[in-house]
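Structure at a glance
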Amino acid sequence: KPSVVTWCASSCLVQHRTREARELCRDMGLLVTDVNEREGRTLLMRQAQAALGAAHAVKLLLDAGEDACATDSGHGNRRWTALFYAAEAGNKEAAVVLAQHGGADVNAFDGRGATVVMTAAGSGHTGTVTELARLGADVTIANDDGCSPVHFAAQEGHTATVTELARLGADVNI
């Protein structure tokens, strides 16, 4: 579970109360980048995963010095950045901010060999897949097991996502 500080600061940011979030962190003796939970998820990662106001909050956190390329320490060796959390949640607006303003790599692999597009495809977030491709993500890339984003989407029954991946140039003959 997230710490109380993370939760309160996240709540302030979602409500566009940046100064209050920063003051809360400062009063607790923390920098924005120090606000972590047990599994190493930063405030930026939590906001990328959120829906309401997340893109704005992500931009504020990046402006405050959060690292879009920082990875978490939880979930085994998954090692996700904020962009993976945005992709899993289908938060394409946060994904755009992370890539365009934070320098997040849209073709990054996690610790298990999955890409950001594979994560979005496996979660059935067709719009996020489209947006990641527009940002330069390779929809044809495969992991070490030979699985592509099409495999991830098809395995979970996300036919609309498979159709979109085909439109974007992915091979759907698996």
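Here is what the cut-offs are and how they apply
Residues numbered from 1 in each chain as written. Predicted model: local features only at pLDDT ≥ 70, side-chain atom pairs only at ≥ 80, totals over all residues. Heavy atoms only, no water. Helix = DSSP H or I, 4+ residues; strand = E, 2+ residues; numbered from the N terminus. Buried < 20%, exposed > 50% of the residue type's maximum accessible area, 1.4 Å probe, protein only. Contact = heavy atoms within 4.5 Å. Areas by Shrake-Rupley, 256 points an atom, 1.4 Å probe, with all protein chains shown as cover. pLDDT = per-residue confidence, 0-100.

So, on to the overall build of the chain. Within the chain, the secondary structure is distributed over 10 helices and 0 strands. In sequence order, the chain lays out its α and β elements as α-α-α-α-α-α-α-α-α-α. The proportion of buried residues among the 174 residues of the chain is 45%. Considering only contacts within the chain whose residues lie at least 6 apart along the sequence, 65% involve residues at least 24 apart. As displayed, the chain offers around 8300 Å² of accessible surface, 49% of which is attributable to carbon and sulfur atoms.

Inspection of the secondary structure puts Leu-83 in helix 5 (residues 82-89). Owing to a relative accessible area of 1%, Leu-83 belongs among the buried residues under this scheme. Separated by 23 residues in the primary sequence, Leu-83 and Val-106 have C-alpha atoms spaced 7.7 Å apart. In this structure, Leu-83 is in contact with Ala-95, Leu-98, Ala-104, Asp-105, Val-106, Val-116 and Leu-132, ignoring residues within four places of it in sequence.

A word on the confidence of the model for the chain. Here the chain shows a mean pLDDT of 80. Residues at 70 or above account for 68%. Taken element by element, the predicted model of the chain shows its lowest mean pLDDT in helix 1 (residues 4-14) (48) and its highest in helix 8 (residues 126-134) (98). Here residues 1-8 scores under 50 on pLDDT; set against residues more than four positions off or in separate chains, the count is 17 contacts.

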